[in-house]
Amino acid sequence: MLLCELASLIKQSRYVAALTGAGISTSAGIPDFRGANGLYATRRYDPERTFDIQWFDRDPSVFYAFARDFLNILSRIEPTDTHRALAQLERQHLLATVITQNIDGLHQKAGSEHVIELHGGFRYAHCRECGQGYELEELKPSIFAGKIPLCGSCSGVIKPDVVFYGESVQGMDEAIAHVRQASLLLVVGTSLTVYPAAMLPQLCPGTVVCIGYGTRETGVSGTEYIEKDIDAVFAELQHLLPRVS
Ligand SMILES: [Zn+2]
């Protein structure tokens, strides 16, 4: 599909949703967790332990070592052209929602207001014992000091609301509801290998357009593919959209 065709489609579609994955944040400086240069490979985190809820309850220091490095990276990076373009589309009422598998919060940082974070994020946290809620800012001093953040009420271990293996994804019902009414679903920077997000395109009654290198078959007939650099695609779209009617 040509970019001018995509621009026209976005303008003409009644309801547009986007599903995003790690591929949209790599150019911001967040390594794809599972890629060759991903955090797991370069920093020697063991993904089986880092995001395993049973392991966390036994020894949260494994996760917090990762969290310290990850939050350090996050504090230094900015959203990409793609994050900004998606936020702009929302402001122009051309995009209803972003459903993301990312936990980096870059969509919100770029200005997107309606974001469903299937794998949660770091902004909020809860005590594993009593459920008391916390914000990341309250946890940061402990995390950066290499300590485990503990609950002020019960001294239980606090866990950021990132979805671990063994936990349910968040907002899946809402994500399904959006995809089911989408006349256009943009699948951006995700290889659709992680379930249940990978099944979302199959629920879309409209057109599915996969953007990025290495996109795979969605299993949906009629899916369009744009195998190009994601940031280049969205930068070009920003120029094209005002011109199409
Ligand atoms: Zn507590």
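Residues numbered from 1 in each chain as written. Predicted model: local features only at pLDDT ≥ 70, side-chain atom pairs only at ≥ 80, totals over all residues. Heavy atoms only, no water.

J.: For empty space enclosed by the protein, give the residues involved together with the corresponding values.
T.: This structure, assessed with the given rule, holds 1 cavity of 30 Å³ or more. Put simply, the largest cavity is a space of about 30 Å³. Around the largest cavity sit Thr100, Asn102, Asp104, Gly105, Leu106, His107, Gln108, Val115 and Glu117, which together line it. Taken together, the elements giving at least two residues each to the lining of the largest cavity come down to helix 7 (106-110) and strand 3 (115-117). Taken together, the residues of the lining of the largest cavity break down into 2 nonpolar, 5 polar and 2 charged. (1 Å grid on protein atoms, 1.4 Å probe; cavity = no way out; pocket = protein on both sides within 12 Å on 5 of 7 lines; lining within 4 Å. Points joined across faces, edges and corners; volume = space filled by probe spheres on them. Helix = DSSP H or I, 4+ residues; strand = E, 2+ residues; numbered from the N terminus. Nonpolar A, V, L, I, M, F, W, Y, C, P; charged D, E, K, R; others polar.)

J.: Would you mind going over helix 10 (residues 230-240) in detail, with residue names and values included?
T.: Of the residues making up helix 10, those classed as buried are Ile230, Asp231, Val233, Phe234, Leu237 and Leu240. Looking at the buried residues of helix 10, the elements they touch are helix 1 (3-12), helix 6 (81-91), strand 7 (184-188), strand 8 (207-211) and strand 9 (224-226). Two to three positions downstream of the cap, the backbone nitrogen of Asp231 sits 3.3 Å from a side-chain oxygen, assigning the N-cap of helix 10 to Asp229. (Buried < 20%, exposed > 50% of the residue type's maximum accessible area, 1.4 Å probe, protein only. Contact = heavy atoms within 4.5 Å. Polar contact = N/O pair within 3.5 Å; in protein donor to acceptor, adjacent residues only side chain to side chain.)

J.: Run through unusual backbone geometry, naming residues and quoting values.
T.: With a phi angle near 60°, His93 is a residue other than glycine that sits in the positive phi range. Within the secondary structure, His93 sits in the loop between helix 6 and strand 2 (97-100). If you check the backbone angles, Ser155 has positive phi at about 65° while not being a glycine. Mapping Ser155 onto the fold places it in the loop between helix 8 (136-144) and strand 6 (158-162).

J.: Account for the coordination of the zinc ion, with residues named and values stated.
T.: Cys127 (SG), Cys130 (SG), Cys151 (SG) and Cys154 (SG) make up the full set of protein donors to the zinc ion, lying at 2.3 Å. Here the zinc ion binds 4 donor atoms, and the angle range of 98 to 115° at the metal identifies the geometry as tetrahedral. Along the chain, the residues that donate to the zinc ion are spaced as C-x2-C-x20-C-x2-C. Since its relative accessible area comes to 4%, Cys151 is described here as buried. (Donors = N, O, S within 2.8 Å, 3.2 Å for Na, K, Ca; no water. Tetrahedral: all angles 85-135°; square planar, octahedral: opposite > 155°, others 65-115°.)

J.: Give a detailed account of helix 6, specifying residues and quantitative values.
T.: All buried positions along helix 6 are accounted for by Thr82, His83, Ala85, Leu86, Ala87, Leu89 and Glu90. Where the residues of helix 6 are buried, they touch helix 1, strand 1 (16-20), helix 7, strand 7 and helix 10.

J.: Residues and numbers for the domain arrangement of the protein, please.
T.: In terms of domain boundaries, the protein breaks down into domain 1 (1-28 + 79-119 + 170-245) and domain 2 (31-76 + 121-162). One C-alpha centre belongs to domain 1, the other to domain 2, and the line joining them spans 28 Å. In this assembly, 9 residues from domain 1 lie in contact with 10 residues from domain 2. Taken together, both faces of the contact between domain 1 and domain 2 bury some 800 Å²; the carbon and sulfur share is 58%. Here domain 1 is connected to domain 2 by 1 salt bridge. (Domains from an automatic or database assignment. Buried area = accessible area lost by both parts, 1.4 Å probe. Salt bridge = Lys/Arg side-chain N within 4 Å of Asp/Glu carboxyl O.)

J.: Give a description of the sheet that holds strand 4 (residues 120-127) that names residues and reports values.
T.: On the basis of which strands lie adjacent, the open sheet formed by 3 strands has the order 5-4-6 and antiparallel pairing. The open sheet has two edge strands with one neighbour each: strand 5 (133-135) and strand 6. Taking each pair of neighbouring strands and ignoring which way they run, the sheet shows an average axis angle of 35°. Judged from the 4 bridges that link them, strand 4 and strand 6 form a sheet pairing that is antiparallel. What sits directly across from Ala125, in strand 6, is Pro160. Where helix 5 (residues 61-76) meets the sheet, it contacts strand 4 and strand 6, and its direction lies at approximately 140° from that of strand 4. (Pairing = 2+ DSSP bridges. Axes fitted to C-alpha atoms, helices over the stretch in contact; angles between N-to-C directions.)

J.: So what's going on with the layout of surface pockets? Which residues, and what values?
T.: If you add up the space inside the second largest pocket, you get close to 490 Å³. The wall of the second largest pocket is formed by 24 residues, among which Asp104, Gly105, Phe122, Arg123 and Leu136 lie closest to the centre. Those elements that provide at least two residues to the lining of the second largest pocket are helix 5, helix 7, strand 3, strand 4 and helix 8. Residue contributions to the lining of the second largest pocket peak at 5 residues, all from strand 4. Considered class by class, the residues forming the lining of the second largest pocket number 9 nonpolar, 7 polar and 8 charged. Composition of the lining of the second largest pocket by domain shows at least three residues from each of domain 1 (1-28 + 79-119 + 170-245) and domain 2 (31-76 + 121-162).

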